[in-house]
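For reference, the chains in residue letters:
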Amino acid sequence: MAENPESQEFADLWERNLISAPEGGSCWDISDEYLPNSFDPSLFNLPTEQPQPSTSPPTSTVPIATDYPGEHGFKLQFPQSGTAKSVTCTYSPDLNKLFCQLAKTCPVQMVVDVAPPQGSVLRATAIYKKSEHVAEVVRRCPHHERTPDTDGLAPAAHLIRVEGNLRATYKEDDVTSRHSVVVPYEAPQLGAGFTTVLYNYMCNSSCMGGMNRRPILTIITLETQDGQMLGRRSFEVRVCACPGRDRKTEESNFRKDQETKTPSKTPSTTKRSIVKESSSSTSRPEGSKKAKMSVSSDEEIFSLQVRGRERFEMLKKINDSLELSDVVPPSDVDKYRQKLVSKNKKERDGQTPEPKRGKKLMVKDEKSDSD
Ligand SMILES: [Zn+2]
């Protein structure tokens, strides 16, 4: 697996980790003179000391992300973290998607039915989910790559890191240039059904010049020492500021999608279809309005970013009306509507140049009713 240049790089990285870089200097400037005299590389059992395997890992230009449990029944589990605001890493089983914050600990539990051969490893690789981007190597954005946050092991350009494991090695594939991080497979502790590997994602999904809002998958492969693939699993990853919130939103959108796909779709009430109409005619607000359109028991709160005060006031008015209509009993709604209709008529007759915005909405409402 580990070719010589990589092992050398790993040794270099080790050295960097053992000493502190001179101030302002790049880590690569460090020469041997900084090393303590007592430094003995064999102390750490570097990969250079190990026999080199004869074959390299199977590499294809377009990596495969389909699940393959293999003979060992390889699968992944994630601790349940919920969708609280404070959560820094949470996995959605419905979406098979991990939501996490930048550089925060993401525990992934590795499960096998049958123990793999001695010396097996677990490799994590990131790929772009969409086929139009899949050929591109996932790497950190230029900004974060320059940030001096290296743990001494991980190359600065690598998105995925392993936390708290000094045996983690970072690879760049000779053919595809893809990055991966490899840790030795460890048998579960007695009584535990899995072993945990802690991953960090070192860029946000939104990072300009990096992932740039393109969704990624993490592929975890169980491999023999000489790179033969034994099992493969993958999951989607979103690195963001509010993992709990984003998971909630995406799961509820997912459920709505599922609902609309099912044939037993209930027809929406007149009122709801009007709301839809008026919002799409303004600025297509996604968040709060959408929530209102769904079942009334949906108490989820969405926030919406609106450009321009005028537009904001407009949408706020719509939302306020919806909030109001939630508390006004249906029997009273018609009374109010009648009042407004007659009032609008009077205003039009009274040569008011144009109705105020709030009323405009009601005019539309009225029209849609007659249509
Ligand atoms: Zn970044």
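These numbers come from a predicted model, not from an experiment.

What counts and what doesn't
Residues numbered from 1 in each chain as written. Predicted model: local features only at pLDDT ≥ 70, side-chain atom pairs only at ≥ 80, totals over all residues. Heavy atoms only, no water. Helix = DSSP H or I, 4+ residues; strand = E, 2+ residues; numbered from the N terminus. Buried < 20%, exposed > 50% of the residue type's maximum accessible area, 1.4 Å probe, protein only. Contact = heavy atoms within 4.5 Å. Areas by Shrake-Rupley, 256 points an atom, 1.4 Å probe, with all protein chains shown as cover. Core = buried A, V, L, I, M, F, W, Y, C linked by side-chain atoms within 4.5 Å. Pairing = 2+ DSSP bridges. Axes fitted to C-alpha atoms, helices over the stretch in contact; angles between N-to-C directions. Salt bridge = Lys/Arg side-chain N within 4 Å of Asp/Glu carboxyl O. Donors = N, O, S within 2.8 Å, 3.2 Å for Na, K, Ca; no water.

## With respect to the overall build of the protein chain
When helices and strands are counted, the protein chain shows eight helices and eleven strands. Within the span of the protein chain, comprising 371 residues, buried residues form 38% of the whole. Contacts spanning at least 24 positions in sequence make up 69% of the contacts within the protein chain whose residues lie at least 6 apart. Carbon and sulfur atoms form 51% of the exposed surface of the protein chain, whose accessible area is close to 22200 Å².

## Focus on the nonpolar core
Counting 40 residues, the largest nonpolar core has Tyr199, Tyr201 and Phe235 as its most contacted members. Excluding residues that lie within four positions of it along the chain, Phe235 makes contacts with Leu76, Phe78, Tyr91, Asn96, Leu98, Val108, Tyr201, Ile216, Leu217, Thr218 and Ile220. Among the nonpolar cores identified, the runner-up in size contains five residues, and Ile127, Val134, Leu217 and Ile219 belong to it.

## A look at the sheet that holds strand 10 (residues 216–223)
Pairing is mixed in the open sheet, where seven strands are placed in the order 2-3-11-10-5-8-7. Edge positions in the open sheet fall to strand 2 (89–92) and strand 7 (169–172), since each of these has one partner strand only. Direction aside, neighbouring strands of the sheet carry axes that sit 30° apart on average. Direction of pairing for strand 7 relative to strand 8 (residues 179–184): antiparallel, over a ladder of four bridges. Of the residues in strand 8, the one forming a bridge with Glu172 is His179.

## Describing the sheet that holds strand 4 (residues 106–111)
Pairing in this open sheet of four strands is antiparallel, and the strands run 1-4-9-6 from one edge to the other. The open sheet is flanked by strand 1 (75–77) and strand 6 (160–162), the only strands paired with a single partner. When strand polarity is set aside, the average angle formed by the axes of neighbouring strands in this sheet is 40°. Sheet analysis places strand 6 next to strand 9 (residues 195–201), joined by three bridges and oriented antiparallel.

## Examining the pattern of salt bridges
Under the criterion given, the structure shown has 13 salt bridges. A salt bridge links Lys97 to Glu236, with the shortest nitrogen-to-oxygen separation between them at 3.1 Å. One end of the pair, Lys97, is in strand 3 (residues 97–100); the other, Glu236, is in strand 11 (residues 229–239), with 139 residues separating them in the sequence. A relative accessible area of 9% means that Glu236 is categorised as buried. One salt bridge in this structure joins Arg238 and Asp246, with 2.9 Å as the shortest N-O distance. Judged by relative accessible area, Arg238 falls into the partly exposed class, the value being 29%. Among the charged side chains, a network of salt bridges with common partners joins Lys97, Lys129, Glu236 and Glu250.

## Regarding the coordination of the zinc ion
Bound to the zinc ion on the protein side are Cys141 (SG), His144 (ND1), Cys203 (SG) and Cys207 (SG), at distances that span 2.0 to 2.3 Å. Written as a sequence motif, the donor arrangement for the zinc ion is C-x2-H-x58-C-x3-C. Of this pair, His144 sits in helix 2 (residues 142–146) while Cys203 sits in the loop between strand 9 and strand 10, and the two are 59 residues apart along the sequence. What makes His144 buried here is its relative accessible area of 13%. Of the residues examined, Cys203 reaches a relative accessible area of 1% and is grouped as buried.

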